[in-house]
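Chain and residue survey
Each chain, written out:
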Amino acid sequence: MNFMISEVAGLSGPQLQKLTEFLKSSDLRYEGGAEYTVFLANDEGELLGTGSLCGSVLKYIAVDESLQGEGAAAAIVSKLVSRAYLLGRKKLFLFTKPQNEYMFRSLGFFTLAESGGAVYMENSRHGLDDYLDSLEKGGGVQGAIVANCNPFTLGHQYLMETAAARVDTLHVFVVSEDRSDFSFQTRFELVEKGTAHIKNIILHKSGDYMISHSTFPTYFIKDKLKAEKANSDLDLTLFAKRIAPALGITKRFVGTEPFCRVTNAYNESMKRILPEYGIEVIEIPRKDAISASEVRRALGKGDYETVKKLVPATTYEVITKQ
Amino acid sequence: MNIITTGVAGTMESSDIIVTVEPKAGEGIDLTLESDVMQQFGKQIEKVIRDTLAELGVNSACVSAVDKGALDCTVAARTMAAAYRAAESTDYVFNEVKKK
């Protein structure tokens, strides 16, 4: 079959509407973020396939049933990959349903993890291994914490001090996506300064291998709660199966979560999944119910007295300077 | 030829191949091939890629290729283009692609 392919940077008005409608007909939901979109149409101009590039993630890949098996998906993915390379993005990722895993495998993607009705794939066979090789290794009994630290509070400091006292090496992964109020660079600096007194701690950049709520696309999972569960299951499976064994991590520490439903659900999944892989989950009661969102609220209001009570001096100094 | 960055050439459309050439620590060619016709032509495609790189004097690279049934001449041409791009070289020597 003949088809024409067109590429659009950004999306607005009728094109956006066309995409949204087409995705809807394929049981997918447009949830924003398409920087660059490929449209595939027949000679009559009827839309038969789409795909978008969002940062380094390929999203919204859908092909009309009449064209399936005709290499339409390959044409779309091909265009998106070439565009990504032109933009200097070489490490590419995608999330899909298990039934599409085989197709993406034939397009040069490799599975990082599969769980909860979703598959996470990367366009390199050795991307994750390279990341794991690049991490500083520890010894003895080793534990891990994954945190965004937006910004680093007395609560984070307490959690890390308590956890570090219970293991020989504590690995702290700071989420490296730049989707928070504070940039990754600032957040990392705050953690570095705030944990300088803890001798057995190793700080890492989370890289692309820890999936947070902000990157996980939910567009292909109908039910919102199911999507959240798929997100945490995928993230935890990847951690338990690949990351923890590479570093020798056998304990994962986490603060109790009295406020946020999503985070609390994540902690529950952690307790369900990690022990299956021999990783003990240790919940540490949150110190004085401090939360980073409370700090951000106080900062927003210019209430520096409250901020001062919630963060270490090292954090206070940096964020008030900004 | 020294591989200093990532170079890509080709597409994933039918009868084509997309070849990605990246720098690698140490000697040797680390090749990953994905092909629709792996059973029938996997070894031959791999040979064409390796021979083409050897002719260009590339002896250290990470190469991944996704083949959609490309002919040998296409495989060689895409490999050459990807290698030149990865070497950031424009000193093309347009010899006729040798029959393999």
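Being a predicted model, the structure only gives us computed values, none of them experimental.

1. Considerations on the overall build of chain B
From N to C terminus, chain B includes two helices and four strands. For chain B, the succession of helices and strands along the chain, N to C, is β-β-β-α-β-α. Over its C-alpha atoms chain B spans a radius of gyration of 12 Å, differing by no more than 12% from the 13 Å that the globule rule assigns to 100 residues. With the principal axes as the frame, chain B shows a C-alpha extent of 30 × 30 × 20 Å.

2. Section: the overall build of chain A
Across its full length, chain A holds 11 helices and 12 strands. In terms of C-alpha radius of gyration, chain A reaches 22 Å, essentially the compact-globule figure of 20 Å for 322 residues. For chain A, buried positions account for 42% of its 322 residues.

3. What about unusual backbone geometry?
All names here are of chain A. A cis geometry characterises the amide bond from Asn150 onward to Pro151, with omega recorded as -5°. Note that Pro151 resides in the loop between strand S8 (142-147) and helix H5 (154-164). At Ala289, a residue that is not glycine, the phi angle is positive and equals roughly 50°. Assignment of secondary structure puts Ala289 in the loop between strand S12 (280-284) and helix H9 (292-301). The class of Ala289 is exposed, set by 11 C-beta atoms lying within 10 Å.

4. So, the packing of helix H6 (residues 184-194) of chain A against helix H11 (residues 313-321) of chain A
If you want to describe how two helices pack, look at the angle between their axes and the distance between the axes. Residue and element names in this part refer to chain A. Where H6 meets H11, the axes come as close as 8 Å, and the angle between the chain directions of the two elements is 150°. Comparing the axis directions of H6 and H11 gives the class roughly antiparallel. Regarding H6 and H11, the two cross each other, and that crossing is right-handed. Counting all contacts with H6, which are made through Thr186, Glu189, Leu190, Lys193 and Gly194, the residues of H11 involved are Thr314, Thr315 and Val318. Residues belonging to the contact of H6 with H11 are distributed by class as follows: two nonpolar, four polar and two charged.

5. Comments concerning the interface of chain A and chain B
Taken together, the 11 residues of chain A in the interface contact 13 residues of chain B. Each residue belonging to the side of chain A that touches chain B can be placed in one class, and the counts come to five nonpolar, four polar and two charged.

6. Quick notes on H6 of chain A
All names here are of chain A. For H6, the set of buried residues is Arg187, Leu190, Val191 and Gly194. Buried residues of H6, viewed axially, fall in a sector of 95°; they line one side. Against the buried residues of H6 lie H5, strand S9 (169-174), strand S10 (201-205) and H11.

7. Topic: the domain arrangement of chain A
Residue and element names in this part refer to chain A. Domain boundaries in chain A define domain 1 (4-128) and domain 2 (136-321). Look at where the C-alpha atoms of domain 1 and domain 2 centre, and you get two points 31 Å apart. Facing the 20 residues of domain 1 at the interface are 18 residues of domain 2. Only strand S4 (57-63), strand S5 (93-96), strand S6 (110-115) and strand S7 (118-122) provide two or more residues apiece to the side of domain 1 that touches domain 2. Taken together, the residues that form the side of domain 1 that touches domain 2 break down as 11 nonpolar, four polar and five charged.

8. Quick look at the sheet that holds S5 of chain A
Residue and element names in this part refer to chain A. The sheet built from seven strands is open, its strands ordered S1-S2-S3-S4-S5-S7-S6 with mixed pairing. The strands lining the two open edges of the sheet, one partner per strand, are strand S1 (4-9) and S6. The sheet shows a mean angle of 20° between the axes of neighbouring strands, taken without regard to direction. Sheet topology note: the S6/S7 ladder contains five bridges and is antiparallel. Bridged to Ala113 within S7 is Tyr120. Its contacts with the sheet put helix H1 (residues 13-25) on S1, strand S2 (36-41), strand S3 (47-54) and S4, and the angle it makes with S3 is roughly 105°. Against the sheet, helix H2 (residues 72-86) contacts S1, S2, S3 and S4, and its axis sits at roughly 30° relative to S3.

9. Describing the environment of Val58 of chain B
Residue and element names in this part refer to chain B. Inspection of the secondary structure assignment puts Val58 in the loop between helix H1 (38-56) and strand S4 (60-67). On the neighbour-count criterion, Val58 (22 C-beta atoms within 10 Å) is buried. Separated by 30 residues in sequence, Val58 and Gly28 place their C-alpha atoms 8.8 Å apart. Once residues within four sequence positions are removed from consideration, Val58 is found in contact with Met1, Ile3, Leu53 and Ala83.

10. Observations concerning the pairing of S5 of chain A
All names here are of chain A. Of the two faces of S5, the one holding Phe93 and Phe95 and the one holding Leu94 and Thr96 are both buried throughout. Two strands pair when backbone bridges link them, and S4 and S5 are joined in this way by two bridges, in the parallel orientation. Its bridge partner being in S5, Leu58 is matched across the sheet by Leu94. Relative to S7, S5 runs antiparallel, the two sharing four bridges. Among the inter-strand pairings, Phe95 is bridged to a residue of S7, identified as Tyr120.

11. Section: the environment of Ile279 of chain A
Residues and elements named next belong to chain A. Note on placement: Ile279 falls in the loop between helix H8 (261-273) and S12. Along the primary structure Ile279 and Pro245 are separated by 34 residues, whereas in three dimensions their C-alpha atoms are 9.6 Å apart. Not counting residues up to four positions away in its chain, the partners in contact with Ile279 are Ala240, Ala244, Ile249, Thr250, Lys251, Arg252 and Leu274.

12. Brief notes about the nonpolar core
Ile76, Val77, Tyr120, Ile145 and Val172 of chain A together with Ala83 of chain B are the most contacted members of the largest nonpolar core, which has 116 residues in total. In terms of domain composition, this core takes at least three residues from each of domain 1 (4-128) and domain 2 (136-321) of chain A.

Calculation rules
Residues numbered from 1 in each chain as written. Chains lettered and ligands numbered in written order. Predicted model: local features only at pLDDT ≥ 70, side-chain atom pairs only at ≥ 80, totals over all residues. Helix = DSSP H or I, 4+ residues; strand = E, 2+ residues; numbered from the N terminus. Rg over C-alpha atoms; globule rule 2.2 N^0.38 Å. Buried ≥ 20, exposed ≤ 12 C-beta atoms within 10 Å, placed from the backbone. Axes fitted to C-alpha atoms, helices over the stretch in contact; angles between N-to-C directions. Parallel < 35°, antiparallel > 145°, perpendicular 65-115°, else oblique. Left-handed = near helix turned anticlockwise from the far one by under 90°. Contact = placed C-beta atoms within 7 Å. Nonpolar A, V, L, I, M, F, W, Y, C, P; charged D, E, K, R; others polar. Arc of directions from axis to C-beta. Domains from an automatic or database assignment. Pairing = 2+ DSSP bridges. Core = buried A, V, L, I, M, F, W, Y, C linked by C-beta atoms within 7 Å.

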